[in-house]
Amino acid sequence: MAGAEPVPQPSGTERDMRVRVRSWHGVASWLWVANDENCGICRMAFNGCCPDCECGTDTDTGTGRCAPAMADGVSCSHCFHMHCILKWLNSQQVQQHCPMCRQEWKFRE
């Protein structure tokens, strides 16, 4: 091939550089897998708590523990904090509809 440079070959005097790990401290984080980043009712992030929640903050992860509730994905695919959607659904007189799209709300199983 014209213009190609040769790949340098290691000489016999070069050694393999190896490192021994004596200790390791892994760090991880997690996020809720939801269609949105924020609850459509309270507008708070899913990795935090809803305003009505008393869950506080998880000391291990630094995030809230208020789980998102997801619709079944057939009629609607919105997500809300569990406390927010339960409060909304309990305030409905006749049928339970999504507060965003007004489709019938069914929890994802």
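Definitions and cut-offs
Residues numbered from 1 in each chain as written. Predicted model: local features only at pLDDT ≥ 70, side-chain atom pairs only at ≥ 80, totals over all residues. Heavy atoms only, no water. Helix = DSSP H or I, 4+ residues; strand = E, 2+ residues; numbered from the N terminus. Buried < 20%, exposed > 50% of the residue type's maximum accessible area, 1.4 Å probe, protein only. Contact = heavy atoms within 4.5 Å. Areas by Shrake-Rupley, 256 points an atom, 1.4 Å probe, with all protein chains shown as cover. Phe/Tyr/Trp six-rings, centres within 6.5 Å; stacked < 30°, edge-to-face > 60°. Core = buried A, V, L, I, M, F, W, Y, C linked by side-chain atoms within 4.5 Å. Disulfide = S-S within 2.5 Å.

- Going by what an unreviewed UniProt entry lists, the protein chain is known as Anaphase-promoting complex subunit 11 and is assigned to Junco hyemalis.

Section: the overall build of the protein chain
At step 1: For the protein chain, the count of helices and strands is one helix and two strands.
At step 2: Within the protein chain, the proportion of its 109 residues that are buried is 24%.
At step 3: Long-range pairs, those at least 24 residues apart, make up 44% of the contacts in the protein chain with a sequence separation of at least 6.
At step 4: Here the protein chain displays about 9,000 Å² of accessible surface, and carbon together with sulfur accounts for 50% of that area.

Thoughts on the packing of aromatic side chains
At step 1: For the structure on display, the rule yields two aromatic pairs.
At step 2: Taking 5.5 Å as the distance between ring centres and 55 degrees as the angle between the ring planes, the aromatic pair formed by Phe80 and Trp105 counts as tilted. Residue Phe80 is located in strand β2 (residues 79-81), and its partner Trp105 is located in the segment after α1 (82-91); the two are separated by 25 residues in the primary sequence. Exposure class is identical for Phe80 and Trp105. Each is buried.
At step 3: When the centroid spacing of 5.6 Å and the interplanar angle of 90 degrees are considered together, the rings of Trp105 and Phe107 count as edge-to-face.
At step 4: Since its relative accessible area comes to 6%, Trp105 is described here as buried.
At step 5: On the basis of relative accessible area, Phe107 is assigned to the partly exposed category, the value being 34%.

Quick word on the side chain of His81
At step 1: In this structure, His81 sits in strand β2.
At step 2: With a relative accessible area of 0%, His81 lands in the buried category.
At step 3: Among all residues touching His81, those that are not within four sequence positions of it are Cys39, Cys42, Met44, Ala45, Phe46, Gly48, Cys49, Cys50, Cys66, Ala67, Pro68 and Ala69.

Brief notes about the nonpolar core
At step 1: Ranked by size, the top nonpolar core spans 18 residues in total, and within it Cys39, Cys50, Phe80, Ile85 and Trp105 carry the most contacts.
At step 2: Among the elements that take part in this core, α1 stands out by supplying three residues, more than any other.
At step 3: Beyond its immediate stretch of four places on either side in the chain, Cys39 contacts Met44, Phe46, Cys79, Phe80, His81 and Cys84.

Focus: the state of the cysteines
At step 1: A complete count under the given rule lists zero disulfides for this structure.
At step 2: Its sulfur unpaired, Cys98 is 3.6 Å from the next cysteine sulfur, which belongs to Cys76.
At step 3: Classification of Cys98 as buried rests on a relative accessible area of 0%.

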